[in-house]
Amino acid sequence: MGFATRLVSVLVLLAGWQAAASAAGSRLLPAPLAILDFIRRESASGDLWWNVGITLSRVGISFFLAMTLGVLLGIALGRSRRLNLVLDTPLLILLNTPALVITVLAYIWVGLNEAAAIVAVVLNKLPNVAVILREGARGLDPQLEEMARTYRFDRRTWIAHVLVPQLQPFAVAAARSGLSLAWKIVLVIELLGRPNGVGFAINYYFVQSLNVAAIVGYSIVFMSVMIAIDILILQRLEAYVRRWR
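Residues numbered from 1 in each chain as written. Predicted model: local features only at pLDDT ≥ 70, side-chain atom pairs only at ≥ 80, totals over all residues. Heavy atoms only, no water.

Trainee: Would you take a moment to explain the overall build of the protein for this structure?
Mentor: The secondary structure content of the protein amounts to 10 helices and zero strands. The linear arrangement of helices and strands in the protein, starting from the amino end, is α-α-α-α-α-α-α-α-α-α. Projected onto the principal axes, the alpha-carbon positions of the protein cover approximately 75 × 50 × 30 Å. A buried classification covers 37% of the 245 residues belonging to the protein. Within the protein, residue pairs in contact and separated by at least 24 positions form 74% of the contacts whose partners lie at least 6 positions apart. A total accessible area of about 14300 Å² is found for the protein, and carbon and sulfur atoms account for 68% of it. Charged side chains of the protein number 22 positive and 13 negative; the gap between the two group centres comes to 3 Å. (Helix = DSSP H or I, 4+ residues; strand = E, 2+ residues; numbered from the N terminus. Buried < 20%, exposed > 50% of the residue type's maximum accessible area, 1.4 Å probe, protein only. Contact = heavy atoms within 4.5 Å. Areas by Shrake-Rupley, 256 points an atom, 1.4 Å probe, with all protein chains shown as cover. Lys, Arg positive; Asp, Glu negative; His and termini not counted. Charge placed at Lys NZ, Arg CZ, Asp CG, Glu CD.)

This is the structure we're talking about:
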């Protein structure tokens, strides 16, 4: 039933899109078939999957670094009131700094290179992860903490059997929200200063020919890849870590 409902909604959207494109009769609002034709041609040339692969690699590297650093920072902030007091304001400032500003500054300070691109994404995503994990670390079950003290758990046992199980849902939530944020930031970074990737391709077709079919085509393909990752990996992981409920 759920799949059928989703399918009907997609078909209705495509029908509305086709009707609007036919009524407009403009290359600025291409029909769905024109988008599919561009995707087919770009895929056949190899450019589409090359650019998608480059962007995925940037998203993957920056996502891993931001998640790792954000989880560690969030746990530290949640467990230490003093550290949280010291870092809360800088974290809040970073959380509310526009991604565009961070990206431009990273390119200015680090240079127009891959390192700057990764740094920009990590700085944009890390505060989000840290804040979510901080709340999880603050809310650890006191009864489990008491049990750990009673049985004199060593640090490794406490992490494996008390800390990690309780923080898993928070980590997955941070991963899902963070992934959707990371790939959008990567596209902006590529648009501003990278010679390849989906963001670069979108900028190229915009500047060179105002090719809306190309812009929408690249967007749809990469959105589809990200949605597939969320459904096939992250949603299943979320269901797994919440299975005890």
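Trainee: Looking at this model, I keep getting lost on the UniProt feature "domain: ABC transmembrane type-1" (unreviewed entry) in the protein. Mind explaining?
Mentor: Per the UniProt record, "domain: ABC transmembrane type-1" (unreviewed entry) is found at residues 52-233. Within the segment residues 52-233, helix and strand shares are 90% and 0% respectively, and the terminal C-alpha atoms sit 19 Å apart. (UniProt positions renumbered as here; feature names shortened; annotations may be inferred.)

Trainee: What am I meant to see in the packing of aromatic side chains here?
Mentor: In this description, a pair of aromatic rings is defined by centroid distance and the angle of the planes. Evaluated as defined, the whole model comprises six aromatic pairs. Between tyrosine 204 and tyrosine 205, the ring centres sit 5.2 Å apart and the planes meet at 80°, which makes this aromatic pair edge-to-face. Chaining the aromatic ring pairs together yields one cluster made of Phe38, Phe200, Tyr204, Tyr205 and Tyr218. (Phe/Tyr/Trp six-rings, centres within 6.5 Å; stacked < 30°, edge-to-face > 60°.)

Trainee: Whenever I open this one, helix α5 (residues 99-110) confuses me. Can you help?
Mentor: Structurally, the α-helix is built with 3.6 residues per turn, so residues lying three or four positions apart point the same way. Relative to the 16 Å expected for 12 residues at 1.5 Å per residue, α5 spans 16 Å between its end C-alpha atoms, a close match to the ideal helical length. Those residues of α5 that fall on the buried side of the exposure criterion are Ile102, Thr103, Ala106 and Tyr107. An end-on view of α5 places all buried positions within 130° of arc, on one side of the element. Turned more than 90 degrees from where α5 packs its buried face, Ile108 and Trp109 sit exposed. Phi for glycine 111, located one or two positions after α5, is positive at around 115°. (Expected span 1.5 Å × (residues − 1). Arc of directions from axis to C-beta.)

Trainee: Looking at this structure, I do not really get the pattern of salt bridges. What am I missing?
Mentor: Where charged atoms from two side chains of opposite charge come close, those side chains can pair. As enumerated under the stated definition, the model contains 10 salt bridges in all. Measuring nitrogen to oxygen at the nearest pair gives 2.7 Å for the salt bridge that ties arginine 58 to glutamate 190. Taken together, the residues arginine 58 in helix α3 (residues 47-79) and glutamate 190 in helix α8 (residues 155-193) connect sequence positions 132 residues apart. In terms of burial, arginine 58 and glutamate 190 fall into one category: buried. A salt bridge links glutamate 114 to arginine 194; the nearest nitrogen and oxygen atoms lie 3.0 Å apart. In this pair, glutamate 114 sits in helix α6 (residues 114-138) while arginine 194 sits in the loop between α8 and α9 (198-209), placing the two residues 80 residues apart along the sequence. (Salt bridge = Lys/Arg side-chain N within 4 Å of Asp/Glu carboxyl O.)

Trainee: Hey, could you run me through the nonpolar core in this one?
Mentor: A general feature of soluble globular proteins is that nonpolar side chains tend to end up buried together. Counting residues in each nonpolar core, the largest one holds 44 residues, and the members touching the most others are Ile189, Val198, Tyr218 and Phe222. Those elements that place two or more of their residues in this core are α2 (32-45), α3, α5, α6, α8, α9 and α10 (212-241). Excluding anything up to four places from it in sequence, phenylalanine 222 contacts Val52, Thr55, Leu56, Val59, Trp183 and Val198. (Core = buried A, V, L, I, M, F, W, Y, C linked by side-chain atoms within 4.5 Å.)

Trainee: I would appreciate a short explanation of unusual backbone geometry in the present structure.
Mentor: Glycine aside, residues mostly have negative phi, and peptide bonds are mostly found in the trans state. For leucine 210, which is not glycine, the phi torsion reads 50° and is therefore positive. Within the secondary structure, leucine 210 sits in the loop between α9 and α10. The partly exposed category is assigned to leucine 210, whose relative accessible area is 36%.

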